[in-house]
Amino acid sequence: MKLYHYKELRVWQQSIQLVTEIYDLTRKFPKEEMFGLAQQMRRAAVSIPSNIAEGQNRGRMNEVIHFLKIVMGSCAELETQIIISMNVKCASQSDGEKLCSDLNSIENQISSMIRVLSKNSNTSNSSNSSNSSKTSNSSNTSNSSNSSKNSK
């Protein structure tokens, strides 16, 4: 399996875009929420691409999987906060649903990566392979022309 730089992962690029969308949304929140729900949503969103990057740079497959599981927790946390923001009328239903849809796409990709890497890790462990420092990109790499600076 080939080790990919985190910036080449489509899921990382999409999660960077999600962070931008969360910041855009939370700028519209009432001032009393700036250090409450808005800040929590921003931190959870930033945690997603940050943990993808950190895990990918660790290199060892078990560490990559560990950080991807942290990403899944951050996704669940952010989804909960998006739902709360809709319930308390800080976010519109349409904004919240779009963000949840984007988040669901990221979760599905991360889940697939965990499944593939875990399977490969188990195969490597059972054959006493020394290739545990390599990771697969699953279906999550992008075209080299798709820069993380481009928006959706």
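Here's what I pulled together on the structure shown here. (Residues numbered from 1 in each chain as written. Predicted model: local features only at pLDDT ≥ 70, side-chain atom pairs only at ≥ 80, totals over all residues. Heavy atoms only, no water.)

### Brief notes about the overall build of the chain
Then, number 1: The secondary structure content of the chain amounts to four helices and zero strands.
Then, number 2: Counting every position in the chain, which comprises 152 residues, the buried fraction comes to 41%.
Then, number 3: For the chain, contacts bridging at least 24 residues in sequence account for 76% of all contacts bridging at least 6.
Then, number 4: Entry remark: accessible area of the chain is about 8300 Å², with carbon and sulfur atoms responsible for 47%. (Helix = DSSP H or I, 4+ residues; strand = E, 2+ residues; numbered from the N terminus. Buried < 20%, exposed > 50% of the residue type's maximum accessible area, 1.4 Å probe, protein only. Contact = heavy atoms within 4.5 Å. Areas by Shrake-Rupley, 256 points an atom, 1.4 Å probe, with all protein chains shown as cover.)

### Some words on the pattern of salt bridges
Then, number 1: Summed over the entire model, instances satisfying the criterion amount to five salt bridges.
Then, number 2: Between K98 and D102 there is a salt bridge, with the nearest N and O atoms lying 2.5 Å from each other. In this pair, K98 and D102 both sit in helix α4 (residues 93–126), four residues apart, roughly one turn of the helix.
Then, number 3: The class of K98 is partly exposed, set by a relative accessible area of 40%.
Then, number 4: A network of salt bridges, in which partner residues are shared, links E21, K98 and D102. (Salt bridge = Lys/Arg side-chain N within 4 Å of Asp/Glu carboxyl O.)

By themselves, these figures tell us nothing about what the structure is for.
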